[in-house]
Amino acid sequence: MRTITQNEKETLDLGRNFAQKLKGGEVLALFGDLGAGKTTFAKGIATGLGISKTITSPTFNIMKVYPINNKAIKQLVHIDAYRLASSLDAEEIGLVELMADPSNIFIVEWPENIWDLLKERASIINFKFMDDSKREIRI
Ligand code: ADP
Ligand code: MG
């Protein structure tokens, strides 16, 4: 599916709607340049999963974990792999164990940096900057 969102709110809404399809155990690889809308989409997913806490970009912490009040889905794990040099770094922060848990939803920004760990499992979502307010999103 290819969508062009016209503003930030449309990307948030797209993420919120997308979240309704999640069952638990999904690994979502969000590809795209800085400012392409990855974190905005992740915020929409978090809202759709019923997380009221504000999602902020995990760039400086690499990983943030948000609890979810849902029968099947217990946690949203939001990773920004921008600062990870390799999959080895990701293994050190316990990512493999977290990813093996089917009650977690994984969202990974800059998935190319740890692609060996993700490639078997990931659903790819591509973000592209078109102009100041337009973004192309391919799910
Ligand atoms: P990334 O995580 O890919 O670096 P962000 O989601 O953090 O990107 O930032 C996207 C920026 O672009 C935000 O400042 C947002 O307000 C702006 N923006 C403008 N139009 C859109 C759009 N259609 N979708 C998402 N963000 C948009
Ligand atoms: Mg981001």
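Residues numbered from 1 in each chain as written. Chains lettered and ligands numbered in written order. Predicted model: local features only at pLDDT ≥ 70, side-chain atom pairs only at ≥ 80, totals over all residues. Heavy atoms only, no water.

Colleague: I would appreciate a short explanation of helix α2 (residues 38-48) in the present structure.
Modeller: Where burial is concerned, most of α2 is hidden: nine out of the 11 residues are buried. Among the residues of α2, Lys38, Thr39, Thr40, Phe41, Ala42, Gly44, Ile45, Ala46 and Gly48 are the ones counted as buried. Directly after α2, the chain includes Gly50, whose backbone phi takes a positive value near 85 degrees. (Buried < 20%, exposed > 50% of the residue type's maximum accessible area, 1.4 Å probe, protein only. Helix = DSSP H or I, 4+ residues; strand = E, 2+ residues; numbered from the N terminus.)

Colleague: Is there a simple way to explain the site of ligand 1 in this structure?
Modeller: Around ligand 1, the structure places 17 residues, and the nearest of them are Thr11, Gly35, Lys38, Thr39 and Thr40. Separating a nitrogen atom of ligand 1 from a side-chain N or O atom of Thr5 is a distance of 3.0 Å. In the model, an oxygen atom of ligand 1 is placed 3.2 Å from a nitrogen or oxygen of the Glu109 side chain. Expressed as a share of its isolated accessible area of 570 Å², the protein-covered part of ligand 1 is 76%. (Near = heavy atom within 4 Å. Polar contact = N/O pair within 3.5 Å; in protein donor to acceptor, adjacent residues only side chain to side chain. Areas by Shrake-Rupley, 256 points an atom, 1.4 Å probe, with all protein chains shown as cover.)

Colleague: Just to check I follow, could you spell out the coordination of the magnesium ion (ligand 2) for this structure?
Modeller: Six octahedral donors around a metal ideally subtend angles of 90 or 180 degrees, whereas four tetrahedral donors ideally subtend 109.5 degrees. The magnesium ion (ligand 2) binds to the protein through Thr39 (OG1) and Glu109 (OE), with metal-donor distances spanning 2.1 to 2.2 Å. Of this pair, Thr39 sits in helix α2 while Glu109 sits in strand β5 (residues 104-109), and the two are 70 residues apart along the sequence. With respect to class, Thr39 is no different from Glu109; both count as buried. (Donors = N, O, S within 2.8 Å, 3.2 Å for Na, K, Ca; no water.)

Colleague: Please clarify how the sheet that holds strand β6 (residues 122-129) should be interpreted in this entry.
Modeller: Sheets are built from strands that pair by backbone hydrogen bonding, the pairs being arranged parallel or antiparallel. Taken in spatial order, the seven strands make up an open sheet running β1-β7-β6-β2-β5-β4-β3, and their pairing is mixed. Of all strands in the sheet, those with a lone pairing partner are β1 (2-5) and β3 (63-67), marking the two edges. Across the sheet, the mean angle from the axis of one strand to that of its neighbour is 20 degrees, orientation sign disregarded. Both β3 and strand β4 (residues 75-80) contribute to a ladder of five bridges, which runs antiparallel. For Tyr66, the partnering residue across the bridge sits in β4 and is Leu76. With respect to the sheet, helix α1 (residues 8-19) is in contact with β1, β2 (27-31), β6 and β7 (135-138), its orientation differing from that of β1 by roughly 140 degrees. (Pairing = 2+ DSSP bridges. Axes fitted to C-alpha atoms, helices over the stretch in contact; angles between N-to-C directions. Contact = heavy atoms within 4.5 Å.)

Colleague: What am I meant to see in the pattern of salt bridges here?
Modeller: Close approach of charged atoms lets side chains of opposite charge pair. In this structure the tally under the stated criterion is four salt bridges. For Arg2, the salt bridge identified is with Glu136, shortest N-O distance 2.6 Å. Of the two residues, Arg2 is situated in strand β1 and Glu136 in strand β7; the sequence distance between them amounts to 134 residues. Given the relative accessible area of 54%, Arg2 is considered exposed. (Salt bridge = Lys/Arg side-chain N within 4 Å of Asp/Glu carboxyl O.)

Colleague: What am I meant to see in the environment of Lys43 here?
Modeller: Here Lys43 is to be found in helix α2. The class of Lys43 is partly exposed, set by a relative accessible area of 31%. Linking Lys43 and Gly15, residues 28 residues apart in sequence, is a C-alpha distance of 7.2 Å. Setting aside chain neighbours within four positions, we find Lys43 in contact with Leu12 and Ile55.

Structural measurements only, silent on function.
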